[in-house]
Amino acid sequence: MMRLSGRIALVTGAAGGIGRAVALCFAGEGAIVIVSDINALGCAETLELLECSGGNGLSIKADVTKEDEIQLLYTQIEERFGKLDIVVNIAGGDCEPAADVEDIDYAKMSANLDLNLKSCIISCREASRVMKRQDFGKIINMSSLVYRGSPNQFSYSAAKGGIYAFTRSLAMSLGRYGITVNALAPALVEVPAFVKVLGPERWEMLRKDCAERYPLGRVAMPDDVARCALFLASDDAAFITGQIIEISGGARL
Ligand SMILES: NC(=O)c1ccc[n+]([C@@H]2O[C@H](COP(=O)([O-])OP(=O)(O)OC[C@H]3O[C@@H](n4cnc5c(N)ncnc54)[C@H](O)[C@@H]3O)[C@@H](O)[C@H]2O)c1
């Protein structure tokens, strides 16, 4: 039995490593998946992969740092499907890695808050409008294990910590409408973007270093995150809300 049959799901950041895995996983479980990203080409590739494996979906380009583009995304979904059951807010990334505190750059800090935190808040606002009317919904926000704090990731960790606080606040206010709101907090996940930015050698050093420190002895793969998102989006997690789930192989226990 497919776990998301008949569900309409929106996945942002769907051209990326984790977003693509979530989109494919949800489609494989019977959901119709709207794949969205600022990268239209990457989105089209995700949609093609999804359709090749027998899934159904639609690709809509949107820049989540622009309020009007988020609003338009939701309007298009409502016009096309008339409902929206699941939203996974994945678009994000660290715009200011490895800065000393004295070097915090106002523009980069703002970019981190815009891309990771404000985008999530506005997307959830739009989602709640649709979901309240349905008396049903599942919202899953992408935090990170750095929500606990991380040296040299000041604005990124603040944004990801903010997502956790916002997720709890939203869970408190939307519970009575049958809407659950949870967050994912992965440790290092092996995604193509990381390998590309760091280069194979630096990536391998980082991967090895983390694998040695994580009790489960490896870094996460996008599917580890996708399966956790699937659980939260499914009826199995009907009574779970306001939670952050660390997908960390036991890191920082
Ligand atoms: N990879 C990790 O180790 C890791 C760990 C914890 C949390 N995360 C979080 O997971 C999420 C996905 O990251 P990933 O690892 O798949 O990286 P990724 O770079 O592969 O994916 C990020 C996606 O977001 C998209 N994006 C960037 N700016 C956007 C914008 N303004 N509007 C719409 N889309 C935009 C990118 O085009 C990309 O497809 C991010 O929120 C990231 O912070 C990643």
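Everything numeric here is computed off the predicted structure, so don't read it as measured data.

## Describing the site of the ligand
- Near the ligand lie 26 residues; those nearest to it are G16, I18, A91, G92 and S144.
- At the level of secondary structure, the elements contributing two or more residues to the shell around the ligand comprise helix 1 (17-28) and helix 6 (192-198).
- Classifying every residue of the shell around the ligand gives 14 nonpolar, ten polar and two charged.

## Observations concerning the packing of helix 4 (residues 106-134) against helix 5 (residues 154-174)
- Contact pair helix 4 / helix 5: the axes reach a minimum separation of 8 Å and the direction vectors enclose 15°. One finds that helix 4 runs roughly parallel with respect to helix 5. The handedness of the crossing between helix 4 and helix 5 comes out as right-handed. Contacts from M109, N112, L113, N116, L117, C120, I121, C124 and S128 in helix 4 reach S155, Y156, A159, K160, G162, I163, F166, L170 and L174 in helix 5.
- The residue inventory of the contact of helix 4 with helix 5, partitioned by class, reads twelve nonpolar, five polar and one charged.

## Some points on unusual backbone geometry
- Within the chain, N152 stands out as a residue other than glycine whose phi angle is a positive 70°.
- With respect to the helices and strands, N152 occurs in the loop between strand 5 (137-142) and helix 5.
- Even without glycine at this site, R252 takes up a positive phi of about 60°.
- Locating R252 in the fold gives a position in the segment after strand 7 (244-247).
- Since 14 C-beta atoms lie within 10 Å of it, R252 is described here as partly exposed.

## Focus on helix 7 (residues 200-213)
- In this model helix 7 runs 20 Å from its N-terminal to its C-terminal C-alpha over 14 residues, within 8% of the 20 Å that 1.5 Å per residue would give.
- Among the 14 residues of helix 7, zero are classified as buried, and the element is accordingly described as predominantly exposed.

## Considering the packing of helix 1 against helix 2 (residues 40-52)
- Where helix 1 contacts helix 2, the two axes come as close as 10 Å, and the packing angle between them is 30°. In terms of their interaxial angle, helix 1 and helix 2 are classed as roughly parallel. The two elements helix 1 and helix 2 cross, and the hand of that crossing is right-handed. When helix 1 is examined against helix 2, the residues R20, A23, L24 and A27 are found in contact with a partner set consisting of T46, L49 and L50.

## Notes on helix 2
- Between its terminal C-alpha atoms helix 2 stretches 18 Å, which fits the 18 Å expected from 13 residues at 1.5 Å a residue.
- All buried positions along helix 2 are accounted for by C43, T46, L47 and L50. Looking straight down helix 2, one finds that the buried residues subtend no more than 100° of arc, so they occupy a single side. Turned more than 90 degrees from where helix 2 packs its buried face, L41, E48 and C52 sit exposed.
- At its buried positions, helix 2 is contacted by helix 1, strand 2 (32-37) and strand 3 (56-61).
- Following helix 2 by one or two positions, G54 adopts a phi angle in the positive range, close to 90°.

## A few points about the sheet that holds strand 6 (residues 179-186)
- Here seven strands make up an open sheet; going across it, the order is 3-2-1-4-5-6-7 and the pairing parallel. Here the strands that pair on one side only, and so sit at the sheet edges, are strand 3 and strand 7. Taking each pair of neighbouring strands and ignoring which way they run, the sheet shows an average axis angle of 20°.
- Where strand 5 lies against strand 6, six bridges are found, and the strand directions are parallel. Considered in strand 6, the bridge of I140 is made with N182.
- Contacts between helix 1 and the sheet are confined to strand 1 (8-12), strand 2, strand 3 and strand 4 (86-89), with strand 1 contributing the most and set at about 170° to the helix.

Calculation criteria
Residues numbered from 1 in each chain as written. Predicted model: local features only at pLDDT ≥ 70, side-chain atom pairs only at ≥ 80, totals over all residues. Near = placed C-beta within 6 Å. Helix = DSSP H or I, 4+ residues; strand = E, 2+ residues; numbered from the N terminus. Nonpolar A, V, L, I, M, F, W, Y, C, P; charged D, E, K, R; others polar. Axes fitted to C-alpha atoms, helices over the stretch in contact; angles between N-to-C directions. Parallel < 35°, antiparallel > 145°, perpendicular 65-115°, else oblique. Left-handed = near helix turned anticlockwise from the far one by under 90°. Contact = placed C-beta atoms within 7 Å. Buried ≥ 20, exposed ≤ 12 C-beta atoms within 10 Å, placed from the backbone. Expected span 1.5 Å × (residues − 1). Arc of directions from axis to C-beta. Pairing = 2+ DSSP bridges.

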